[in-house]
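Structural overview
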Amino acid sequence: MTFPENAIEKLGFTDIRALIAAKCLSDVGKDLVDRIQPQTRFDQINLFLRQTVEFKDVLTNDAPLPVDHLYPIRPLAEKARVEGAFLGEEDFFQLMLSLRTVFAIIRYFNERNGQYPNLEVLFENLPIEKDILVAIERVIDAKGKVKPNASPVLADILANIAKAEQEARKRIDQVFRTAQQQGWTADGNLTVRDGRLCIPVLAENKRKVKGWIHDESATGQTAYIEPEEVFHLNNKVRDLEFDMRREIVRILTALTDELRPHVPLLVDYHRLLGKVDFVRAKALFAIDIDAHMPELVADASISLIEARHPLLLLNFRSTQQTVVPLNVTIDKDQRIVVVSGPNAGGKSVCMKTIGLLQLMVQAGLLIPADPTSRIGVFRQVFADIGDDQSIESDLSTYSAHLTKMKHFSDHADAKTLVLIDEFGTGTDPLFGGPIAEAVLEVLNKKQVRGVVTTHYSNLKVFASNTDGVENASMLFDNAAMRPLYILQTGKPGSSYAFEIAEKIGLGKDILYAARQKIGAQQKRVDTLLVDLERDKKEVHDAKISLIQKEKQLARLKAENDTLQTYLAENKKSIISKAREEARTIISNANKVVENTIAGIRESQADKARTKALRNQLDRELDKHKPAKEKAAPAKQKTSETVAIQVGDWVKILGTGSEAEVISTAKNNLVLAMGELRTVQKRSNVVLIDRKKSKVSGGRSHQTQLADSTASFGPEVDVRGLRTEAALAEIEKYLDKALMMGFPSLKIVHGKGDGILRKFIREYLRKYGEVTRMEDEHPDRGGEGITYAYLD
């Protein structure tokens with residue numbers, strides 16, 4: 001699929017494999033990683049990607065997967081396959097631990113049936129054959145040794161050994177005490193020589209103790225003697241130990257025979273452990289590089305959004321640097337992208353990023369790019385990167401390039417991705433440029449997809465005048481004289497040779513002489529490119545500013561629509577409630593009047609009784625009498641003449657709505673109308689006299705809200721919280737910070753494994769108001785703190 005053979009290595013895919021292999025727990029998993037190759041079947045690539053996505057979900061959101069012991073099972077199964085062979089104690093112990101892991105993994109996913117459908121394919125309906133594990137556990141103990149009760153014969157032998165050893169020890173203790181009493185022994189206690197328990201006897205007394213001399217001290221002054229009385233008992237122990245070994249071999253052989261019919265199933269278990277370890281390592285690597293699954297399509301196309309080079313990302317993370325994301329599209333209309341620009345501006349990294357991410361996706365690996373990215377499937381990937389000159393093959397640098405160009409021209413098609421770095425270099429530009437242009441023309445006619453980097457002007461002109469070929473450039477800040485590492489399609493870029501040479505301090509006389517030597521036409525072209533670069537950057541900055549203002553306008557419009565809706569609904573509610581209260585008052589009044597008339601009639605107009613009834617009627621009427629209006633209201637004062645404070649009431653000009661001030665920020669006021677919040681300019685409101693509503697026994701809701709808002713600080717600490725709780729807390733603080741106009745929000749999440757930090761940043765990217773995110777300074781928390789900057 002790839003050409004030449006070292007293309008995978010040149011693009012960095014070999015390094016990716018090494019990083020994944022380092023996360024494997026077993027040699028089986030590492031072997032699978034070493035065999036990772038880009039695939040061309042759509043369904044297979046899709047399955048591999050989805051398996052990695054599901055395992056990533058297991059690692060981040062589910063209970064830990066039981067992968068404690070991943071010993072290789074296949075070598076043990078192959079050994080057990082041979083008739084007459086048997087597995088040792090250590091072999092059965094490793095097999096027992098691995099089988100426990102296999103069964104635990106199968107049970108884990110069986111309990112989550114249907115939750116991880118693509119991972120369930122790995123099991124291939126494997127059964128849990130408990131009989132194998134039961135048979136092994138019946139013989140092997142928790143320390144990997146044969147159990148004393150593995151067979152009745154073994155139990156008897158071990159009992160006899162213990163009895164014989166006890167008798168031998170008792171007898172040698174008696175002899176040792178006698179020798180000590182006689183003064184025959186040397187300093188020290190009983191010792192073992194040649195596997196026998198011996199008495200240390202002084203050399204001059206060695207003839208006084210009957211027995212066999214097994215050793216002497218280095219000085220020759222002490223002899224180590226096994227007493228004659230103990231010798232026969234020790235021989236008996238030795239014979240029993242031989243019997244024990246023969247019985248253990250018999251037990252292990254019988255267990256192996258019992259295991260032999262299950263060898264094919266054991267091999268399947270071996271494959272399962274390897275696959276699980278393999279996919280787990282891919283998922284762990286995906287978490288490390290904050291990778292996602294792009295949208296996989298069948299056609300040969302690429303649309304990368306916010307893509308980053310994974311190796312560069314890991315390297316920069318250790319140095320607290322940020323990788324500039326890449327956005328690029330390659331499809332049937334924009335087939336070949338010709339990238340130009342300054343040296344060290346990121347052209348080669350851009351091309352390698354595209355090639356490496358394509359290989360990763362077709363190998364079933366997630367990539368550090370936005371999930372909305374679209375990646376197609378290519379049958380071939382051709383790459384010409386670096387210097388492949390060969391003394392053995394008599395190839396110069398340019399000859400090696402031409403050899404590859406011949407292969408590209410002969411074998412590339414519409415399903416081929418071609419990557420060429422510094423196209424046409426290695427020979428006289430007068431001839432190298434036209435040859436490169438001719439090759440590019442052939443590739444374009446074949447509908448090849450690809451990325452080409454170059455400094456040649458004729459290739460830039462060819463791309464401008466040819467359908468299917470698109471110019472692109474790496475942006476350069478010619479004011480600060482530094483590359484921006486941002487790819488922009490639609491125009492070629494200048495090499496900035498003179499500007500860079502001037503920055504590094506090359507002599508002015510040399511630069512002047514060089515400018516005189518280049519043609520006037522070339523000088524004008526390069527000047528135009530520099531001016532175009534500057535104008536394009538200004539347009540790009542203006543576009544970003546316009547987008548931010550449009551977002552702000554859309555937010556304000558949404559707030560206004562919400563306010564109008566609230567007012568309309570509230571108006572209907574107030575009128576309806578007033579009508580209901582009026583009906584109640586009228587009804588009650590009628591009852592009071594009727595009761596009063598009836599009372600007067602019953603008392604036959606008694607003065608005292610009549611007066612009392614009239615007083616009662618007056619009291620009922622007073623309940624519904626409106627409060628006396630205040631004296632003529634004071635003249636309304638604008639916010640420009642009087643300072644407005646938290647708790648004041650104002651009227652919004654234009655709408656006439658009244659609201660309470662809950663916070664002030666520069667020229668803006670945060671106002672509360674019931675549960676609704678709005679932000680108004682000071683010049684758009686007037687101060688009014690109105691007593692704050694009070695609730696019996698405590699402060700009003702508006703006052704409490706004003707206090708909480710006034711004490712709000714743009715910093716939230718989510719350490720120790722679970723992911724869902726942390727995101728909910730951040731959302732509340734983010735809403736307040738946006739409402740009150742704070743420029744940034746500080747989020748303290750801690751370092752740990754970095755998983756919470758990744759989820760927080762992924763969540764914040766969904767907010768259009770968050771323009772960028774940065775880590776705190778390393779001396780003040782580093783990766784443990786994120787600053788979210790708001791527009």
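Scope of this entry: the structure provided in the associated data block. (Residues numbered from 1 in each chain as written. Predicted model: local features only at pLDDT ≥ 70, side-chain atom pairs only at ≥ 80, totals over all residues. Heavy atoms only, no water.)

1. What to know about the overall build of the protein
Short version of the rule: Note on conventions: DSSP H or I runs of at least 4 residues are helices, E runs of at least 2 residues are strands, and numbering of each starts at the N terminus. Working definition: with a 1.4 Å probe on protein chains only, accessible area under 20% of the residue-type maximum means buried, over 50% means exposed, and in between means partly exposed. In what follows, a contact means two residues having at least one pair of non-hydrogen atoms within 4.5 Å.
Helix and strand counts for the protein stand at 23 helices and 25 strands. In the protein, buried positions account for 41% of the 791 residues. Considering only contacts in the protein between residues 6 or more positions apart, those separated by 24 or more positions represent 69%.

2. Brief notes about helix α2 (residues 13-21)
Applicable threshold: Comment: arc refers to directions from the helix axis out to C-beta atoms.
By the burial criterion, the buried members of α2 are F13, I16, R17, I20 and A21. Projection of α2 onto a plane perpendicular to its axis shows the buried side chains occupying an angular sector of 135 degrees, all on one side. Where α2 is buried, its residues meet α1 (7-11), α3 (27-34), α11 (263-288), α12 (310-318) and α13 (347-362).

3. A short note on the nonpolar core
A general tendency of soluble globular proteins is for nonpolar side chains to be buried together. Rule in force here: To define a nonpolar core, start from buried Ala, Val, Leu, Ile, Met, Phe, Trp, Tyr and Cys residues and group those joined through side-chain atoms within 4.5 Å.
If you look at the biggest cluster of nonpolar residues, it comprises 107 residues, and the most contacted ones within it are L95, Y269 and M360. For this core, the element with the most residues is α11, which contributes 14 residues. For Y269, the contacting residues outside a window of four places in its chain are I73, L99, V102, F103, I106, L126, P127, I128 and E129. Counting 20 residues, the second largest nonpolar core, distinct from the first, contains F408, L440, L443 and L459.

4. Focus: the pattern of salt bridges
Quick note on the threshold: By convention in these notes, a salt bridge is any Lys or Arg side-chain nitrogen within 4 Å of a carboxyl oxygen on Asp or Glu.
Counted by the stated rule, this structure contains 30 salt bridges. For the salt bridge of D62 with R112, the shortest nitrogen-to-oxygen distance reads 3.0 Å. Separated by 50 residues along the polypeptide, D62 in the loop between α4 (42-61) and α5 (74-81) and R112 in the loop between α6 (89-110) and α7 (117-120) bring together distant segments of the chain. Judged by its relative accessible area of 23%, D62 falls in the partly exposed class. You can call R112 buried: its relative accessible area is 15%. The closest approach of N and O atoms between R719 and D717, which form a salt bridge, is 2.7 Å. On the accessibility criterion, R719 (51% relative accessible area) is exposed. Classification of D717 as partly exposed rests on a relative accessible area of 42%. Three or more residues are tied together by salt bridges with common partners; here these are D62, E111 and R112.

5. Quick look at unusual backbone geometry
The peptide bond linking F3 to P4 adopts the cis configuration, its omega dihedral lying at -5 degrees. We note that Q447 has phi near 65 degrees; this positive angle belongs to a residue other than glycine. Mapped onto the fold, Q447 is located in the loop between α15 (429-445) and β13 (449-453). The backbone phi angle of Y485 is positive, close to 60 degrees, even though this residue is not glycine. On the basis of relative accessible area, Y485 is assigned to the partly exposed category, the value being 43%.

6. Description of the environment of K446
Relative to the helices and strands, K446 resides in the loop between α15 and β13. Separated by 35 residues in the primary sequence, K446 and H411 have C-alpha atoms spaced 9.9 Å apart. Once residues lying within four places of it in the same chain are set aside, the contact partners of K446 are S409, D410, H411, A412, D413 and A414.

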